[in-house]
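# Structure assessment
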Amino acid sequence: QVQLVESGGGLVQAGGSLRLSCAASGRTFSNYAMGWFRQAPGKEREFRAAISWNGDSTYYADSVKGRFTISRDNAKNTVYLQMNSLKPEDTAVYYCATATSAYGTRRSSQYNYWGQGTQVTVSS
């Protein structure tokens, strides 16, 4: 079993920054890719970023490239999403998730553990 708890969301002005954290329980955290997704009201859950089991590979949604950075610290069982140059359209609930493989995908169906989400609101 893996449990994930996100933190670090909040209200920020456009152009500002937030760093989201996702703390994981479980002894096999380092075996699996991790991802960050967002979901706005009335919208589907949408891929933002993913990182491979050892942090060597990362990939991003086009709309966050150059602004967001995903990282992980396996010794701390934690994955991060550094969000810079935030825009109002980034407003959503952000979720971290554990993939079913060492190199995750952009598909939400390929993640089997999810956190409770943390709200990110960006004002204009």
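Below is a short write-up of the structure. Sequence order sets the numbering: in each chain, residues are counted from 1 along the sequence as written. Since the coordinates come from a predicted model, pLDDT governs what is reported: local features require at least 70, and pairs of side-chain atoms require 80 or more to be given and counted, while whole-chain, interface and lining totals use all residues. With hydrogens and water stripped out, all remaining heavy atoms of the structure feed into the side-chain values.

### A closer look at the nonpolar core
Only buried residues count toward a nonpolar core. Its members are Ala, Val, Leu, Ile, Met, Phe, Trp, Tyr and Cys residues joined through side-chain atoms within 4.5 Å. Exposure categories follow from relative accessible area, calculated using a 1.4 Å probe and restricted to protein chains: below 20% of the type maximum is buried, above 50% is exposed, and the middle band is partly exposed. Trp36, Ile70, Val79, Leu81, Met83 and Tyr94 are the most contacted members of the largest nonpolar core, which totals 34 residues. For the purposes of this entry, the term helix denotes a DSSP run of H or I that reaches at least four residues, the term strand denotes a run of E that reaches at least two, and both are numbered from the N terminus. Looking at this core, the elements with two or more residues in it are strand S3 (18–25), strand S4 (34–39), strand S5 (46–51), strand S6 (58–60), strand S7 (68–73), strand S8 (78–83), strand S9 (92–99) and strand S11 (118–123). Ranked by residue count, the leading element in this core is S9, at five residues. Whether two residues are in contact is decided by their heavy atoms: any pair within 4.5 Å suffices. Those residues in contact with isoleucine 70 that lie beyond four places of it in its chain are Met34, Trp36, Ala49, Ala50, Ile51, Thr58, Tyr60, Val79, Tyr80 and Leu81.

### Quick word on the pairing of S9
Of all eight residues making up S9, eight are buried, and the element is well covered by its neighbours. Pairing between two strands is assigned when DSSP locates at least 2 bridges connecting them. Relative to S9, S4 runs antiparallel, the two being bridged by six bridges. Bridge pairing in S9 places arginine 38 opposite tyrosine 94. As defined by bridge partners, S9 adjoins S11 across three bridges and the pair is classed as antiparallel. By the bridge assignment for S11, tyrosine 94 is matched with threonine 118.

### Focus on the pattern of salt bridges
We define a salt bridge as a contact between a side-chain nitrogen of Lys or Arg and a carboxyl oxygen of Asp or Glu at a distance within 4 Å. On inspection of all chains with the given rule, the structure shows five salt bridges. Of the charged contacts in the structure, one is a salt bridge between aspartate 62 and lysine 65, with a shortest N-O distance of 3.1 Å. Overlapping salt bridges, with partners in common, bring together Arg38, Glu46, Arg48, Arg67 and Asp90 in one network.

### What to know about the state of the cysteines
Disulfide: a covalent bond connecting the sulfur atoms of a pair of cysteines. Note on terminology: pairs of cysteine sulfur atoms within 2.5 Å are recorded as disulfides. This model, assessed by the stated rule, comprises one disulfide. Each sulfur of the disulfide joining cysteine 22 and cysteine 96 lies 1.9 Å from the other. Given an S-S torsion of about 55°, the disulfide between cysteine 22 and cysteine 96 has right-handed geometry. Remark: cysteine 96 occurs in strand S9 and cysteine 22 occurs in strand S3; sequence separation between them is 74 residues.

### Some points on the sheet that holds S3
Neighbouring strands of a sheet are bound in pairs by backbone hydrogen bonds; such pairs are parallel or else antiparallel. Within the open sheet, the four strands sit side by side as S1-S3-S8-S7. Their pairing is antiparallel. What marks the edges here is a single partner per strand, and that holds for strand S1 (3–7) and S7. Averaged over neighbouring strand pairs, the angle between their axes works out to 15° when direction is ignored. Sheet topology note: the S1/S3 ladder contains five bridges and is antiparallel. From the neighbouring strand, valine 5 faces S3, where its bridge partner is alanine 23. Orientation is described by lines fitted to C-alpha atoms, with helices fitted over the stretch in contact, and by angles between N-to-C directions that extend from 0 to 180 degrees.

### Examining unusual backbone geometry
Even without being glycine, asparagine 77 reaches a positive phi, approximately 50°. With phi around 50°, serine 85 is a residue other than glycine that occupies positive phi space. If you trace the backbone, serine 85 turns up in the loop between S8 and S9. A relative accessible area of 42% places serine 85 in the partly exposed class.

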